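Listed here are the chains, written in short residue letters.
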Amino acid sequence: MTWPLQSPKKIRMPIKLDPALLPALDILGMAQSGALLRAERETPSDGIPAFVTRAGWDELAATHAANHNAPHSVLLPALEKAVARILTHAAQNASQMGEMTPVTTLQSDLFPSDPDLVLAFVRDSTHPVACALIGTATQIEAALRSRDAAQD
């Protein structure tokens with residue numbers, strides 16, 4: 001799969017992201033259970049689906065939309081922009097390094113609880129689709145632990 005990502009400057013950067021080489025997770029099941037939430041309303045035609053954890057979404061809602069009746073209407077447009085910047089940054093780094101690593105940590109102010117943002121590329125275990133998980137290490141670990149507990 002080639003992942004041509006458009007940066008804010010509209011520079012196309014084709015990045016190879018082979019789902020077969022990525023760790024497999026039941027993304028669909030985790031999304032259906034509410035453990036993961038879409039970080040965008042629609043996946044761009046040249047992008048990959050991006051998700052945040054329930055804990056990440058709750059933190060964003062508490063921080064940025066606590067007084068709104070419909071927090072998703074405030075959060076989703078801003079989160080889409082943040083995700084685009086994060087994925088663009090990852091694509092630029094991959095282009096410079098000549099490879100895409102499955103897990104990247106970068107400094108970000110997206111989640112006030114931790115300046116270290118984790119971007120993990122995984123594939124859905126039921127479909128050969130690459131996906132991006134975005135959150136803090138604590139948030140992603142908690143989502144994975146809850147998935148493991150549900151499978152026991």
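Visitor: Run through the confidence of the model for the protein chain, naming residues and quoting values.
Guide: Counting all residues, the mean pLDDT for the protein chain is 85, and 86% of those residues have values of 70 or more. Confidence drops under pLDDT 50 across residues 1–12; counting only partners more than four residues distant or on other chains, this segment forms 39 contacts.

Visitor: So what's going on with the pattern of salt bridges? Which residues, and what values?
Guide: Counted according to the given criterion, the structure contains 3 salt bridges. The partner of Arg38 in a salt bridge is Glu40, and the shortest N-O contact between them spans 2.8 Å. A salt bridge links Asp58 to Arg54; its shortest N-O distance comes to 3.7 Å. On the criterion of helical spacing, the pair formed by Asp58 and Arg54 is a turn pair, its members being 4 residues apart in helix 2 (residues 54–64). Overall, Asp58 belongs to the partly exposed group, its relative accessible area being 40%. Classification of Arg54 by relative accessible area gives partly exposed; the value is 36%.

Visitor: So what about the environment of His72? Which residues, and what values?
Guide: Its place among the elements puts His72 in helix 3 (residues 71–97). Of the residues examined, His72 reaches a relative accessible area of 47% and is grouped as partly exposed. The sequence separation of His72 and Trp57 amounts to 15 residues, and the corresponding C-alpha distance is 9.3 Å.

Visitor: Residues and numbers for the packing of aromatic side chains, please.
Guide: For any pair of aromatic rings, the description consists of the separation of the ring centres together with the inter-plane angle of the planes. Tallied over the full model, the rule gives 0 aromatic pairs. One cation-aromatic arrangement involves Arg38 over Phe51; the distance from NZ or CZ to the ring centre is 5.6 Å.

Visitor: How would you explain the nonpolar core if you had to name every residue and give the values?
Guide: Ranked by internal contacts, the top residues of the largest apolar core, which has 30 residues, are Val52, Leu79, Leu110, Leu119, Phe121 and Ile134. When residues of this core are traced back to their parent elements, those giving at least two are strand 5 (50–53), helix 2, helix 3, strand 7 (116–124) and strand 8 (130–135). For this core, the element with the most residues is helix 3, which contributes 9 residues. In terms of nonpolar packing, the next biggest core, distinct from the first, is built from 13 residues, Leu25, Met30, Leu36 and Cys131 among them.

Procedures and definitions
- Residues numbered from 1 in each chain as written.
- Predicted model: local features only at pLDDT ≥ 70, side-chain atom pairs only at ≥ 80, totals over all residues.
- Heavy atoms only, no water.
- pLDDT = per-residue confidence, 0-100.
- Contact = heavy atoms within 4.5 Å.
- Salt bridge = Lys/Arg side-chain N within 4 Å of Asp/Glu carboxyl O.
- Helix = DSSP H or I, 4+ residues; strand = E, 2+ residues; numbered from the N terminus.
- Buried < 20%, exposed > 50% of the residue type's maximum accessible area, 1.4 Å probe, protein only.
- Phe/Tyr/Trp six-rings, centres within 6.5 Å; stacked < 30°, edge-to-face > 60°.
- Lys NZ or Arg CZ within 6 Å of the ring centre and 35° of its normal.
- Core = buried A, V, L, I, M, F, W, Y, C linked by side-chain atoms within 4.5 Å.

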